[in-house]
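Structural overview for review
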Amino acid sequence: LQVGSAVTAVGIAALTMGMTVEMSTVSILTAVGAGAFTTFMGVYLLSPVIARPVASLLGWPIQRLYRIPGRLATDNARRSPRRTAATAAALTIGLALVSLAAVVSDSMKATFVRTIEESIEADLFVYTGAFNPAAGFSTELGEDLTALSVDRPDLVETVMTYRFAMGGMSIDGSYKDVSGADLDVLADHMNIMVTEGHPDGEGRDGLLLHVDPATDMAVTVGDQVTVGFPGGRSTDLTVAAVFEDSTIMGNWVVDVDVFDRFLPTAPDAFVSVVFPDGASAADSRSAVEVVTDEYPQVRVEDRTEFKETQEAQLDQLLSIIQVFLGLSLFIAVLGITNTLALSVYERTRELGLLRAIGMTRRQLRRMVRWEAVIIALFGGLLGVGMGVLFGLAVIAAIPETFVDIVSIPYSSLLGYLVVSGLFGMLAAILPARRAARLNVLDAISYE
């Protein structure tokens, strides 16, 4: 008990440090990872202590429903708390990982949806549809759409191209991910919550900074920052604005002209289009699609379609995670099945006596089955609880560029518990059948 408590306390302390102390992203993730592992080990050591009361709580409705078999199933789960905890360990690990992923992915989705609803002003989006910030297409498409806005201002008011470069520039020897956009029309397409200055305040040599790096560097609007680019080249950019919402653009934003000069091979990541007031959305979209039809790798979507597509991509990520849940549950089923089979073998005489005093085969099967369900739900509760805790820690560690909303998918977590209970029932099929088929006289005389 003392060792488990100490290990758990150390793990929670590491998680707290990762969630609250200002460190580099790598250091934060390291602290969170070490804290999660240590916390899990501590909870595993403590789980036999809480197995008895939790088994009693889980078994209470079963006792009310099935009387004697339910009470015996609960007593069997409580009888050896160390065995119960060890049997549920595989399920606990699997559900902890899947619950962590569910909390993080749901929070990412909530963050992205809110950003689309509150921050994006554009009417149409042109992009490849790949869930990859490095994916893109030829810059000629953006030029063609810009030409369309000049030729048909009645259908297209402005066009803005976006580019991204992972580690594309350096500040004082530290590489930064940089985004490029047409700063002169950025305010018409996106609300990045500017707190100081204006996006086009310094023209093509402007630099937009998120409030965090601006604070760290102690710079403000009008200050110059020396920026390095590949090939040993550098230039001085002037801080044009400081902003708060980095979900779409990241922390460092420059004009696309800077990309043309220093990162010319970076493709356009996507293009946004704003329609003029009073224009028909259908006619404007048709005009844009005439241009994009020459680029079969891109798709054109309005705000509603764009939001639904991004949600679907995040849901696909969660579906992949759920496949791993199935694998972990399969492993857990094998563990519970083996433990129950061994338990039936060890309790042969006891089961024979129960049959001798009047317990039916059906009641015996029910007793073994519900014992497995209690064990599985015990592991499921521990796994989901730790997964949510670890998920909150990871969200705190991830930069706000990716996640700044905490969203816990309660329905999914409840579904995981239900599935764990069903798998526990599945694991009990063979041991329950073996217990019910025991010969009463042979079982009583078993030594």
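Residues numbered from 1 in each chain as written. Predicted model: local features only at pLDDT ≥ 70, side-chain atom pairs only at ≥ 80, totals over all residues. Heavy atoms only, no water.

When its secondary structure is counted, the protein shows 14 helices and ten strands. Taken over C-alpha atoms, the radius of gyration comes to 30 Å for the protein, far larger than the 22 Å a tight globule of 447 residues would show. With respect to the principal axes defined by its C-alpha atoms, the protein has extents near 95 × 50 × 35 Å. Evaluated residue by residue, the protein yields a buried proportion of 50% over its 447 residues. Here the contacts in the protein between residues at least 6 apart in sequence split such that 80% fall between residues at least 24 apart. As displayed, the protein offers around 21000 Å² of accessible surface, 58% of which is attributable to carbon and sulfur atoms. Both charge centroids of the protein, one from 31 positive and one from 50 negative side chains, sit 31 Å from each other. (Helix = DSSP H or I, 4+ residues; strand = E, 2+ residues; numbered from the N terminus. Rg over C-alpha atoms; globule rule 2.2 N^0.38 Å. Buried < 20%, exposed > 50% of the residue type's maximum accessible area, 1.4 Å probe, protein only. Contact = heavy atoms within 4.5 Å. Areas by Shrake-Rupley, 256 points an atom, 1.4 Å probe, with all protein chains shown as cover. Lys, Arg positive; Asp, Glu negative; His and termini not counted. Charge placed at Lys NZ, Arg CZ, Asp CG, Glu CD.)

So, on to the nonpolar core. Within the largest apolar cluster, 61 residues are counted, with the highest numbers of intra-cluster contacts made by Leu-351, Met-367, Phe-378 and Tyr-416. The biggest single contributor to this core is helix α11 (residues 361-397), with 19 residues. Apart from residues lying up to four places away in sequence, Met-367 is in contact with Pro-69, Leu-72, Ala-73, Asn-76, Leu-351 and Leu-354. Among the nonpolar cores identified, the runner-up in size contains 25 residues, and Phe-112, Ile-120, Ala-122 and Met-190 belong to it. (Core = buried A, V, L, I, M, F, W, Y, C linked by side-chain atoms within 4.5 Å.)

We now examine the confidence of the model for the protein. Scored by pLDDT, the protein has a mean of 82; 93% of the residues are at 70 or more. Within the protein, the lowest mean pLDDT, 71, falls on helix α1 (residues 2-20), and the highest, 92, falls on strand β8 (residues 252-255). (pLDDT = per-residue confidence, 0-100.)

In the structure shown here, the tally under the stated rule is twelve salt bridges. With a shortest N-O distance of 3.1 Å, Arg-285 and Glu-289 are connected by a salt bridge. With a gap of four residues between them, Arg-285 and Glu-289 both fall in helix α8 (residues 281-292), about one helical turn apart. Assessed through its relative accessible area of 28%, Glu-289 is described here as partly exposed. Overlapping salt bridges bring together Arg-204, Asp-205, Asp-257 and Arg-261 as one network. (Salt bridge = Lys/Arg side-chain N within 4 Å of Asp/Glu carboxyl O.)

Relative to the 56 Å expected for 38 residues at 1.5 Å per residue, helix α3 (residues 81-118) spans 51 Å between its end C-alpha atoms, a close match to the ideal helical length. At Ala-89, α3 shows its largest kink, close to 45 degrees. (Expected span 1.5 Å × (residues − 1). Bend = angle between axes of the 7 residues up to and from the residue.)

Within strand β5 (residues 206-210), five of the five residues are buried, which leaves it mostly tucked inside the rest of the structure. Burial along β5 is two-sided: Gly-206, Leu-208 and His-210 facing one way and Leu-207 and Leu-209 facing the other are all buried. Relative to strand β7 (residues 233-243), β5 runs parallel, the two being bridged by five bridges. From the neighbouring strand, Leu-207 faces β7, where its bridge partner is Val-239. The pairing of β5 with β8 spans three bridges and is antiparallel. When the bridges of β8 are listed, Leu-209 appears paired with Trp-252. (Pairing = 2+ DSSP bridges.)

Residues Leu-124 and Val-126 line one face of strand β1 (residues 124-127) and the alternating positions Phe-125 and Tyr-127 line the opposite face, and both faces are buried. Summarising the sheet, β1 and strand β9 (residues 268-274) pair through four bridges and their orientation is antiparallel. Within β9, the position partnered with Tyr-127 by the bridge is Phe-270. The pairing of β1 with strand β10 (residues 299-302) spans four bridges and is antiparallel. Each residue of the ladder has a partner; that of Tyr-127, found in β10, is Arg-299.

For α8, which comprises twelve residues, the first-to-last C-alpha distance of 16 Å matches the rise-based estimate of 16 Å (1.5 Å per residue) to within 8%. Among all positions of α8, only Ser-284, Ala-287, Val-288, Val-291 and Thr-292 are buried. What you see down the axis of α8 is that its buried residues fit within an arc of 140 degrees, all on one side. With respect to the buried face of α8, the exposed residues turned more than 90 degrees away are Ala-282 and Val-290. Structurally, α8 contributes buried residues whose contacts are with β1, α4 (139-151), β9 and β10. (Arc of directions from axis to C-beta.)

Bringing the packing of aromatic side chains into the picture now. Taken as a whole and judged by the stated rule, the model has six aromatic pairs. Where Tyr-66 meets Trp-370, the ring centres are 5.4 Å apart and the plane angle is 35 degrees; that geometry is what we call tilted. In this pair, Tyr-66 sits in helix α2 (residues 25-79) while Trp-370 sits in helix α11, placing the two residues 304 residues apart along the sequence. Trp-370 gets classed as buried once you look at its relative accessible area, which sits at 16%. (Phe/Tyr/Trp six-rings, centres within 6.5 Å; stacked < 30°, edge-to-face > 60°.)

Let's shift gears to the environment of Leu-124. Structurally, the position occupied by Leu-124 is in strand β1. Classification of Leu-124 by relative accessible area gives buried; the value is 1%. Taking the C-alpha atoms as reference, Leu-124 lies 8.3 Å from Phe-275; in sequence the two are 151 residues apart. Look past the residues within four positions of Leu-124 in its chain and what remains in contact with it is Val-271, Ser-272, Val-273, Phe-275, Arg-285, Val-288, Val-300, Glu-301 and Asp-302.

Before going further, it helps to examine the packing of α11 against helix α13 (residues 429-436). Running from amino to carboxyl end, α11 crosses α13 at an angle of 145 degrees, the nearest separation of the two axes being 8 Å. The hand of the α11/α13 crossing is right-handed. In contact with Arg-361, Leu-364, Arg-365 and Val-368 of α11, α13 contributes Pro-431, Ala-432, Ala-435 and Ala-436. (Axes fitted to C-alpha atoms, helices over the stretch in contact; angles between N-to-C directions. Left-handed = near helix turned anticlockwise from the far one by under 90°.)

Attention shifts here to the side chain of Glu-371. When you line up the elements, Glu-371 lands in helix α11. Of the polar contacts made by the side chain of Glu-371, one reaches the side chain of Arg-83; its length is 3.1 Å. Residues contacting Glu-371, with those up to four places away along its chain left out, are Ala-73, Asn-76, Ala-77, Arg-83, Leu-340, Ser-343 and Arg-347. (Polar contact = N/O pair within 3.5 Å; in protein donor to acceptor, adjacent residues only side chain to side chain.)

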